Amino acid sequence: LVSEVFNEGVLSGLPGDSAVGHVRYSTTGATLPVNAQPILVRCRGSSIALCHNGNLVNAPELRRRLEQTGSIFQTGLDTEVIAHLVARSPEPSFEDAVVGALTQVRGGYALLFLAADKVIGVRDPNGIRPLSIGRLADGGREPGWVLASESCAFDSVGAEMVRDVEPGEMVILDRNGLRSRRVLPEGQRALCVFEYIYFARPDSDMEGLNVHSVRKNLGRLLARHYPVDADVVIGVPDSSISAATGYAEEAGIPYEIGLVKNRYVGRTFIQPAQRIRDEGVKLKLNPLRKIVSGNRVVLVDDSIVRGTTSRHIVKLLRGAGAKEVHLRISSPPYRYPCYFGIDTSTTSELVAASRSEQEVERMVGADSLRYLSLSALLEGVGGGRCGPARHCTACFTGEYPVRVDGAGGKHALEVPHFPGGAEEAGGT
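Everything numeric in this text was worked out from a predicted model, so none of it was measured.

### Quick look at unusual backbone geometry
- In the segment running from Gln37 into Pro38, the intervening peptide bond is cis, with an omega of 5°.
- In this chain, Pro237 is followed by Asp238 through a cis amide linkage whose omega measures 0°.
- Structurally, Asp238 is set in the loop between strand 13 (232-235) and helix 9 (241-251).
- In this structure, Glu207 takes a positive phi of about 50° despite not being glycine.
- Tracing the chain through its elements places Glu207 in the loop between strand 11 (205-206) and strand 12 (209-210).

Printed below as a string of structure tokens:
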């Protein structure tokens, strides 16, 4: 845990009054210390630390070009490409060097740079990955400023949410406060809709919407479109609890805690190897037999990616005595790879990519399986005011907001690979 690494003793010994940090999931490639973030480089006469949440889809091309002209890479991260571009920039100021570097990259990103006298935050032109601004008051002194991938982080440190960083915006935090610069032309807004479905914590707000409320809306819509005669509704902890309560309220079926989560096992779908994912699922959840036994169960989950977790949970519930298990998914079938910061890099590992709904139903062993439609999803995210122009739904539709090189057709895209590890699905 972060608190076990950065305990009070470690934190109190850190110099200065500015810092950046990063919690990184290992996605593709190995988990190696050299790939931990922030990455620290010395360039332009000082040290610079850099954090990155997202993926750069043209990083392999940029990396090859930089290596051909003498750059030596120390990590397998596409984040390091940005560091090299900043170091090579002819611009005299650090801020302008960052801008020049970002005009060359393509993809989804929220970036933090720590220099000797400032912190810089930048969000990609489409706003695919989230980044928010908070304000911290301290004993009547001048307030401090903070940036985070999710607003719930502000609550932890006593800060107040101010607003989201706009797509293509750079914010500069220094001793004079906060400044904003429009540095990249804003593209089609495309916040990753999976943030609302799975990634973000329920106590976070994104683009003015509370994540818990959105998920509850999705559960209500799921019950409205796909009702079932059942005795109890349960959710897969933790990301599906909000949707499950919405389903139960709309359907008039009691909600119960039917699965207990082991808090010391991380998110399993994003682990780098299938064996690790399988072991993680076995350790992660345990059914409550007195709730499940003899009952017809509606099991609400946020998504089915590889099918590993769903199949195991259905088996657990049947083993605990469930008479029926009806699986309801609060998102559409996940059919296409993500190239912007989620660990789903190839179509072959996505269970719905080559199977019908009925085939997936048989594979996971459920009595019935229903997915929320894309139109209902977009209705649930913002009550209808947010449509495809405001969210990236490429994992469901195959329509990417940013061009991905290596296309062999509309959906046949190749994932960028990086030696020794690849990109981040964590948070800055």
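### Observations concerning the side chain of Asn55
- Tracing the backbone through its elements, the reader meets Asn55 in strand 2 (residues 46-56).
- With relative accessibility at 15%, the residue Asn55 sits in the buried group.
- A polar atom in the side chain of Asn55 sits 2.9 Å from the backbone nitrogen of Gly341.

### Some details on the layout of surface pockets
- By volume, the second largest pocket is sized at about 160 Å³.
- Lining the second largest pocket are Ile39, Leu40, Val41, Arg42, Cys43, Ile72, Gln74, Thr75, Glu80, Ala83, His84 and Ala87.
- Contributions of two or more residues to the lining of the second largest pocket are made by strand 1 (39-43) and helix 4 (79-88).
- Looking at the lining of the second largest pocket element by element, the count peaks at 5 residues for strand 1.
- Across the lining of the second largest pocket, the residue classes break down as 7 nonpolar, 3 polar and 2 charged.

### Description of a nonpolar patch on the surface
- On the surface, Val2, Val5, Phe6, Val10, Leu11, Leu14 and Val23 cluster together into a nonpolar patch covering about 610 Å² of accessible area.
- Where the nonpolar patch is concerned, the elements lending two or more residues are helix 1 (2-5) and helix 2 (8-12).
- Its place among the elements puts Leu14 in the loop between helix 2 and strand 1.

### Some words on the nonpolar core
- Counting residues in each nonpolar core, the largest one holds 49 residues, and the members touching the most others are Phe194, Tyr334 and Phe340.
- Of all the secondary-structure elements, those providing two or more residues to this core are strand 10 (191-192), helix 7 (194-199), helix 8 (211-225), helix 9, strand 16 (296-301), helix 14 (374-380) and helix 15 (394-397).
- Each residue touching Phe340, except ones within four places of it in the same chain, is listed here: Gly54, Asn55, Val57, Gly107, Gly108, Ile128, Arg129, Tyr400, Pro401, Val402 and Val404.
- Counting residues in hydrophobic clusters, the runner-up holds 32 residues, among them Val86, Ala101, Val105 and Tyr109.

### A few points about the sheet that holds strand 4 (residues 119-123)
- Judged by pairing direction, the sheet is antiparallel, and its 6 strands sit side by side in the order 1-2-3-4-8-9 without closing on themselves. Since the sheet does not close on itself, it has two edges, and those belong to strand 1 and strand 9 (177-182), each with one partner. Sheet twist, expressed as the average angle between the axes of neighbouring strands with direction ignored, equals 20°.

### Considerations on the confidence of the model for the protein
- On average, residues of the protein score 87 in pLDDT, and 86% of them are at 70 or above.
- Contacts from residues 384-388, a stretch scored under 50 in pLDDT, to residues over four places away or in other chains number 13 contacts.
- In the model, residues 407-425 has pLDDT below 50 throughout and makes 72 contacts with residues more than four positions away in sequence or in other chains.

Reading the values: the criteria
- Residues numbered from 1 in each chain as written.
- Predicted model: local features only at pLDDT ≥ 70, side-chain atom pairs only at ≥ 80, totals over all residues.
- Heavy atoms only, no water.
- Helix = DSSP H or I, 4+ residues; strand = E, 2+ residues; numbered from the N terminus.
- Buried < 20%, exposed > 50% of the residue type's maximum accessible area, 1.4 Å probe, protein only.
- Polar contact = N/O pair within 3.5 Å; in protein donor to acceptor, adjacent residues only side chain to side chain.
- 1 Å grid on protein atoms, 1.4 Å probe; cavity = no way out; pocket = protein on both sides within 12 Å on 5 of 7 lines; lining within 4 Å.
- Points joined across faces, edges and corners; volume = space filled by probe spheres on them.
- Nonpolar A, V, L, I, M, F, W, Y, C, P; charged D, E, K, R; others polar.
- Patch = residues over 30% accessible without salt bridge, like charges linked within 9 Å, V, L, I, M, F, W, Y side chains within 5 Å.
- Areas by Shrake-Rupley, 256 points an atom, 1.4 Å probe, with all protein chains shown as cover.
- Salt bridge = Lys/Arg side-chain N within 4 Å of Asp/Glu carboxyl O.
- Core = buried A, V, L, I, M, F, W, Y, C linked by side-chain atoms within 4.5 Å.
- Contact = heavy atoms within 4.5 Å.
- Pairing = 2+ DSSP bridges.
- Axes fitted to C-alpha atoms, helices over the stretch in contact; angles between N-to-C directions.
- pLDDT = per-residue confidence, 0-100.

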